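# Examination of the molecular architecture
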Amino acid sequence: MSAPDADTTVIAKTVTRVVFPLILLTAIALLFRGHNLPGGGFIAGVLTAAAFALLYVIYGLDFVETELLDRGGTPTTAAGPTIVSDYRLAFAAGLGLAITGGLAAIALGQPFLTQAVVFLHDLPLYKELEVASAFVFDLGVYLVVVGALLTILAVVGAE
């Protein structure tokens, strides 16, 4: 998925450099508000994968390997680029996190995926912060979606 310099314009590269962090910031905001309001792990994962898809289209997979991850390049194996193993690890970690979040409730004698909420008071910036156990499940879903979609993008894009 390497994009030659002749195929992309300066405008496309500049817009991507501005839009990429904004998309990631929006994804993180949706992830954090997902247990109370619309949003959550799935839509945040889709947005993150869309941000990386934009980066792949404009700059290529080599840019992600060399500039973002500070690696030597994108060696390709029979299963696709080596970055795919990182994406698969994110998928597996997310699946494990989501399952653990659900099983923690069972360990405490509650039904599967029962939500618990803790309020932290007198914090310097927020005064009060709500920490919900549903965030663990949302974070797991986020990692599963990001890992799966970026694996598909990297493997298909390398061909």
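Residues numbered from 1 in each chain as written. Predicted model: local features only at pLDDT ≥ 70, side-chain atom pairs only at ≥ 80, totals over all residues. Heavy atoms only, no water.

### Quick notes on the UniProt feature "transmembrane region" (unreviewed entry) in the protein
The condition is simple: UniProt positions are given in the numbering used here, feature names are shortened, and annotations may be inferred rather than shown by experiment. Counting from the N terminus, the helices are DSSP H or I runs at least four residues long and the strands are E runs at least two residues long.
In the numbering used here, UniProt assigns the "transmembrane region" (unreviewed entry) feature to residues 14-32, 39-59, 89-113 and 134-156. As annotated, residues 14-32 has a helix share of 100% and a strand share of 0%, and its two end C-alpha atoms lie 28 Å apart. For the annotated span residues 134-156, helix accounts for 100% and strand for 0% of the residues, and the straight-line distance between the end C-alpha atoms is 33 Å.

### Some details on the side chain of Thr151
So the rule is basically this: Note on classification: 1.4 Å probe, protein chains only; a residue is buried when its accessible area is under 20% of the maximum for its type, exposed when over 50%, partly exposed between these limits. Definition of a polar contact: a pair of N or O atoms within 3.5 Å, with one able to donate and the other able to accept a hydrogen when the atoms are protein atoms, and with sequence-neighbouring residues admitted only if both atoms are side-chain atoms.
With respect to the helices and strands, Thr151 occurs in helix 5 (residues 134-158). Overall, the relative accessible area of 15% leaves Thr151 in the buried class. In terms of polar contacts, Thr151 uses its side chain to reach the backbone carbonyl oxygen of Gly147, at 2.6 Å.

### Quick word on the packing of aromatic side chains
In this description, an aromatic ring pair is defined by two values, namely the gap between the centres and the angle between the planes. Quick note on the threshold: Note on aromatic contacts: the rings of Phe and Tyr and the six-membered ring of Trp form a pair at centre separations within 6.5 Å, being stacked when their planes are under 30 degrees apart, edge-to-face when over 60 apart, and tilted otherwise.
All chains considered together, the criterion is met by 2 aromatic pairs. The interplanar angle of 90° and the centroid separation of 5.3 Å between the aromatic rings of Phe20 and Phe52 together place this pair among those described as edge-to-face. In this pair, Phe20 sits in helix 1 (residues 10-33) while Phe52 sits in helix 2 (residues 41-59), placing the two residues 32 residues apart along the sequence. Take Phe52: its relative accessible area is 17%, and that puts it in the buried class. Seen from their ring centres, Phe32 and Phe135 are 5.2 Å apart, and the 10° between their planes marks the pair as stacked. Linking Phe32 in helix 1 with Phe135 in helix 5, this pair joins segments that are 103 residues apart in sequence.

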